[in-house]
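Structure at a glance
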Amino acid sequence: MSGPFVSKIDTLRPAFGPRVKFAQVSLPDMPFANWADVVFSTATFHWILDHERLFQRLHAALRPGGRLAVLEIPKMDEGLLRPFARFHFTQVVPRLGRLISGHRSAYTYLPLSVDHFMTPREFTAHLVGLGFEVTEVRMLMFGTVAMHVARKPLLGEPRAAR
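Presented here is an overview of the structure given in this document. Numbers given to residues run from 1 along each chain, matching the order in which its sequence is written. Only residues with pLDDT of at least 70 are given local features in this predicted model, and only at 80 or more are side-chain atom pairs given and counted; all residues enter the totals for whole chains, interfaces and linings. Neither water nor hydrogens contribute to the side-chain values; these are computed over all heavy atoms in the structure.

Now for the overall build of the protein. Regarding its fold elements, the protein presents 5 helices and 4 strands. Ordered by position from N to C terminus, the α and β elements of the protein give α-β-α-β-α-α-α-β-β. Partly exposed residues are those whose accessible area sits between 20% and 50% of the maximum for their type, while under 20% is buried and over 50% is exposed, using a 1.4 Å probe and protein chains only. Per-residue burial for the protein yields a buried fraction of 34% across its 162 residues. Contacts between residues were defined by any pair of non-hydrogen atoms, one from each residue, lying within 4.5 Å. Looking at the protein alone, contacts between residues at least 24 apart form 66% of all its contacts between residues at least 6 apart. Accessible surface is estimated by sampling points in the Shrake-Rupley manner with a 1.4 Å probe; for residues, cover comes only from the protein chains shown. Counting every atom, the protein has about 10300 Å² of accessible surface; 62% of that belongs to carbon and sulfur. In summary, the charge assignment counts Lys and Arg as positive and Asp and Glu as negative, without counting His or the chain termini. Positions of charges follow a simple convention, taking NZ of Lys, CZ of Arg, CG of Asp or CD of Glu. Mean positive and mean negative side-chain charge positions of the protein (20 and 13 charges, respectively) differ by 5 Å. By definition, any uninterrupted DSSP run of H or I lasting at least four residues is a helix, any uninterrupted run of E lasting at least two residues is a strand, and each is numbered from the N terminus.

To continue, consider a nonpolar patch on the surface. Patch rule: a residue counts if its relative accessible area is over 30% and it has no salt bridge; like charges are joined within 9 Å, and nonpolar side chains (Val, Leu, Ile, Met, Phe, Trp, Tyr) within 5 Å. Salt-bridge detection follows one rule: a side-chain nitrogen of Lys or Arg within 4 Å of a carboxyl oxygen of Asp or Glu. Taken together, the side chains of Leu80, Leu81, Phe84 and Phe142 define a hydrophobic patch exposed on the protein surface, amounting to about 570 Å² of accessible area. Here Phe142 shows up in the loop between β3 (133–140) and β4 (145–151).

Size it by volume and the second largest pocket reaches roughly 460 Å³. Cavities and pockets are found on a 1 Å grid laid over the protein atoms alone: a cavity is a set of points where a 1.4 Å probe fits but cannot escape, a pocket is an open set with protein on both sides within 12 Å along at least five of seven lines, and a lining residue has an atom within 4 Å of such a point. Surrounding the second largest pocket, 20 residues form its lining, Ile73, His88, Phe89, Thr144 and Val145 being those nearest its centre. The set of elements that each furnish at least two residues to the lining of the second largest pocket consists of α3 (82–101) and α4 (109–115). Under the grouping applied here, Gly and all other residues not named as nonpolar or charged are polar, the nonpolar ones being Ala, Val, Leu, Ile, Met, Phe, Trp, Tyr, Cys and Pro and the charged ones Asp, Glu, Lys and Arg. Split into classes, the residues belonging to the lining of the second largest pocket amount to 15 nonpolar, 2 polar and 3 charged. Grid points are joined across faces, edges and corners, and a volume is the space filled by probe spheres set on the points.

What follows is about α3. For a helix, the expected span equals 1.5 Å multiplied by the residue count minus one. Relative to the 28 Å expected for 20 residues at 1.5 Å per residue, α3 spans 27 Å between its end C-alpha atoms, a close match to the ideal helical length. Fitting one axis to the seven residues ending at a residue and another to the seven starting there, the bend at that residue is the angle between the two axes. Bending of α3 peaks at approximately 30 degrees at the position of His88. The complete set of buried residues in α3 reads Ala85, Phe89, Val93, Pro94 and Gly97. Here the buried face of α3 lies against α4.

The nonpolar side chains of a soluble globular protein tend to be buried, and buried together. Among buried residues, those of type Ala, Val, Leu, Ile, Met, Phe, Trp, Tyr and Cys that are joined through side-chain atoms within 4.5 Å constitute a nonpolar core. In terms of nonpolar packing, the biggest core is built from 22 residues, with Phe45, Phe55, Leu58, Leu68, Phe123, Leu127 and Phe132 touching the most fellow members. Among the elements of the structure, β1 (36–42), α2 (51–61), β2 (62–72) and α5 (120–129) are those that each provide at least two residues to this core. Ranked by the residues each element gives to this core, the list is headed by α2, at 4 residues. Once residues within four sequence positions are removed from consideration, Phe55 is found in contact with Phe45, Leu68, Phe117, Met118, Phe123, His126, Leu127, Leu130 and Phe132. Within the second largest apolar cluster, 5 residues are counted, among which are Ile73, Phe89, Val93 and Val114.

Here the focus is the pairing of β4. β4 sits mainly inside the fold: 6 of its 7 residues count as buried. When DSSP finds two or more bridges between a pair of strands, those strands are recorded as paired. With 7 bridges joining them, β3 and β4 adopt antiparallel strand pairing. Bridge pairing links Glu133 to Arg151 in β4. Counting the residues in the hairpin turn of β3 and β4 gives 4 residues, including Met141, whose phi is positive at 50 degrees.

Bringing the side chain of Glu72 into the picture now. Structurally, Glu72 is set in strand β2. There is no salt bridge for the buried Glu72, and the closest opposite charge comes from Arg86, which lies 12 Å off by N-O distance. For Glu72, the side chain forms a polar contact with the side chain of His46, separated by 2.4 Å. For Glu72, the contacting residues outside a window of four places in its chain are Ala43, Thr44, Phe45, His46, Phe117, Thr144, Val145 and Ala146. Counting of polar contacts relies on pairs of N or O atoms within 3.5 Å, with two restrictions inside protein: one atom must be capable of donating a hydrogen and the other of accepting it, and residues adjacent in sequence are counted only when both atoms are side-chain atoms.

With that settled, consider the sheet that holds β4. Sheet strands associate in pairs through backbone hydrogen bonding, adopting either a parallel or an antiparallel arrangement. Read across the open sheet, the 4 strands follow the order β1-β2-β4-β3; overall the sheet is mixed. With partners counted over all chains shown, the strands left at the sheet margins are β1 and β3, one partner each. Going from strand to strand, the sheet's axes swing by 10 degrees on average, the running direction of each strand aside. Bridging between β2 and β4 involves 6 bridges; their strand directions are antiparallel. Opposite Leu71, over in β4, you have Met147 as the bridge partner. Angles shown run from 0 to 180 degrees and are taken between the N-to-C directions of axes, each axis being a line fitted to C-alpha atoms and, for helices, limited to the stretch in contact. Against the sheet, α2 contacts β1 and β2, and its axis sits at roughly 140 degrees relative to β2. Along the sheet face, α5 touches β2, β3 and β4 and points at about 15 degrees away from the line of β4.

These values are about where atoms sit, not about what they do.
Next comes the structure, spelled out in C-alpha cells:
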C-alpha cells in the first residue's frame, strides 16, 4: 500500500479489529509465509518487472485455501478490438492526462508498463504453473481490464486439472 492508503488504513484500523492485519512491503521481497487469507490488488502488478518472484512470494504468503484476487490492465490478446484499444490507450489516455494534469508526460508511461505484463491467458497459465487454482477469470471494459481470482490449494489437496 502506498503512503496515503496506509494513513487511511490507520484511521480505519479500529473498525477492523485484531483479526485484520495490514502490511506495507516490497512485494517481490515479501517476507511472509502462510500469513494471509486474502491478497488483492488493483492495477498494481504491471508495475513490477519480476513477475515470477512476485507471484512465488504471493503464493508463499497465502495460507492453504487462501485467495488471490487481481484486477489488472493486461497486455491485450490479439483480436478485433485490440487496435482500437491500443490507439485509445497510447494516444487518447496520455492526451487526456496531459490536458487534465497540465503535465506533458502524464500517463505516457502507462502503456509501456502494461506491455510488460501478461495477456489474460498467459497470466492464468502462469498462476496455474505456480500452484494456484484459478477459479475465475472475467474480462471487463471491452477486454481492457481482467479480473483473476485464484486459490492456493489446501495441504494434500490434488491440483485441479486445467
